[in-house]
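# Chains, contacts and geometry: an overview
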Amino acid sequence: MYNTLELKKYTAEDFALFRELTKDDEIMKYISGKGLTAEQAEKKFASILEINTDPLLGYFMVIDSDSQLFLGDCKLVNYKKDPTVFEIGYLLKKEFWRKGLGTKICESLLAMAKSIDANKDVIGIIDPDNAASRQLLTKFGFQSYFVGIEDEVATEKLILKRT
């Protein structure tokens, strides 16, 4: 079950999938506090499409290779506050929580980051209350270096030093 995942960049045709994923309050609890409105989702998706013009980095749909089911999404981008660092993140539909997919997605993103620039540090930004995400990142060697309020949101940053 969900043995092989594909990461496919979002294109304009994929907005309905993104909207469905991001309107759910429970899924978005640790991202934005609650689900996105249609207007917020459209604005966010427009920024994703702009980022996705980069040939290597971007926001990706997570798809099960066998069934072609849309499971969620993930990102590998330059961290907006420090472009010398990559940022990773992911979101899964509720029915795919606690199935080990976070680990597979993290492995894929870290492998992708390494192939682009093996010396570039990688950060993950989480809600300090999200114990599952912290546990996943620390499993991969990330270390917490900031816990506090950033942009009016409770934030924890973890970094994987590559050099």
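Residues numbered from 1 in each chain as written. Predicted model: local features only at pLDDT ≥ 70, side-chain atom pairs only at ≥ 80, totals over all residues. Heavy atoms only, no water.

In the nomenclature of an unreviewed UniProt entry, the chain is known as Ribosomal-protein-alanine N-acetyltransferase of Sphingobacterium detergens.

Under the counting rule described, the total for this entry stands at four aromatic pairs. Residues Phe-15 and Phe-45 carry aromatic rings whose centres are separated by 5.4 Å and whose planes lie at 65° to one another, so their mutual orientation is edge-to-face. Within this pair, whereas Phe-15 is found in helix H1 (residues 15–22), its partner Phe-45 is found in helix H3 (residues 38–51), the two being separated by 30 residues in sequence. Given the relative accessible area of 4%, Phe-45 is considered buried. Aromatic side chains Phe-18 and Phe-45 sit 5.2 Å apart centroid to centroid with 40° between the ring planes, which places their arrangement in the tilted category. Of the two residues, Phe-18 sits in helix H1 while Phe-45 sits in helix H3, which places them 27 residues apart along the sequence. (Phe/Tyr/Trp six-rings, centres within 6.5 Å; stacked < 30°, edge-to-face > 60°. Helix = DSSP H or I, 4+ residues; strand = E, 2+ residues; numbered from the N terminus. Buried < 20%, exposed > 50% of the residue type's maximum accessible area, 1.4 Å probe, protein only.)

Looking now at the pattern of salt bridges. Taken as a whole and assessed by the stated rule, the structure comprises nine salt bridges. A salt bridge links Glu-156 to Arg-134; its shortest N-O distance comes to 2.9 Å. Of this pair, Glu-156 sits in strand E7 (residues 153–160) while Arg-134 is found in helix H5 (residues 131–139), placing the two residues 22 residues apart along the sequence. Residue Glu-156 is classed as buried on the basis of its relative accessible area, which comes to 4%. A residue is classified by how much of its surface remains accessible, and Arg-134, at 25% relative accessible area, is partly exposed. Within the structure, one salt-bridge network assembled from shared partners comprises Asp-24, Glu-26 and Lys-94. (Salt bridge = Lys/Arg side-chain N within 4 Å of Asp/Glu carboxyl O.)

In space, the seven strands of this open sheet follow the order E1-E2-E3-E4-E5-E7-E6, with mixed pairing throughout. Lying at the two open borders of the sheet, with one neighbouring strand each, are strand E1 (5–9) and strand E6 (143–150). Neighbour-to-neighbour, the strand axes of the sheet open up by a mean angle of 25°, direction not taken into account. (Pairing = 2+ DSSP bridges. Axes fitted to C-alpha atoms, helices over the stretch in contact; angles between N-to-C directions.)

Time to look at the state of the cysteines. Cysteine pairs can be covalently joined through their sulfur atoms, and such a bond is termed a disulfide. One pass over the full model with this rule turns up zero disulfides. Just so you know, Cys-74 is unpaired, no disulfide at all, and the nearest cysteine sulfur is the one on Cys-106, 9.9 Å from it. Its relative accessible area of 1% is what places Cys-74 among the buried residues. (Disulfide = S-S within 2.5 Å.)

Here we take up the UniProt feature "domain: N-acetyltransferase" (unreviewed entry) in the chain. UniProt marks residues 5–163 with the feature "domain: N-acetyltransferase" (unreviewed entry), using the numbering shown here. Spanning residues 5–163, this segment combines 32% helix with 34% strand, and its end C-alpha atoms are found 29 Å apart. (UniProt positions renumbered as here; feature names shortened; annotations may be inferred.)

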